[in-house]
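Listed here are the chains, written in short residue letters.
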Amino acid sequence: MTPTPKIPDWIYVVVQAPGENEMFLGQHDDEQDISFIPVFHQKEDALQCLPLMKRNRSLTYEVQAVSREEISEQAAKKGFLLYILDENGVILDTFEPTDGRARKYFGVGRSED
């Protein structure tokens, strides 16, 4: 059995309305009825993927590094999964918000605009 890869201690996430009322930008796959927070290994990947994500265009967005523990805790509180995406929005891995181990999750696609 192949060992499950460990999620890095620090990952990148898109933050909506950075500052006092900030929150992580979540997405929803209507087909699968799954809410998730996209996370990235590299800041550049998050910046490239941002235009592909559903978002309120009147708000400001910023890519920030966040600890795995912090985003995991927040995602668990809100009922979100965590998806590691590449710069094109392709799902590389997913992980449950309460642990740091990645697992492949086949059959989940990216929501379209």
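Residues numbered from 1 in each chain as written. Predicted model: local features only at pLDDT ≥ 70, side-chain atom pairs only at ≥ 80, totals over all residues. Heavy atoms only, no water.

Before going further, it helps to examine helix α2 (residues 68–78). Of all the residues in α2, the buried ones are R68, I71, S72 and A75. Across the axial projection of α2, the buried residues extend over an arc of 100°, all falling on one side. Along its buried surface, α2 packs onto β1 (10–16), β2 (23–24), β4 (34–40), β5 (61–67), β6 (81–85) and β7 (91–95). Looking one or two residues beyond α2, the residue adopting positive phi is G79, at roughly 80°. (Buried < 20%, exposed > 50% of the residue type's maximum accessible area, 1.4 Å probe, protein only. Helix = DSSP H or I, 4+ residues; strand = E, 2+ residues; numbered from the N terminus. Arc of directions from axis to C-beta. Contact = heavy atoms within 4.5 Å.)

This brings us to the side chain of Q16. Mapping Q16 onto the fold places it in strand β1. Residue Q16 is classed as buried on the basis of its relative accessible area, which comes to 17%. In this structure Q16 touches N21, E22, M23, L25, L59, T60 and Y61, once residues within four positions along its chain are discounted.

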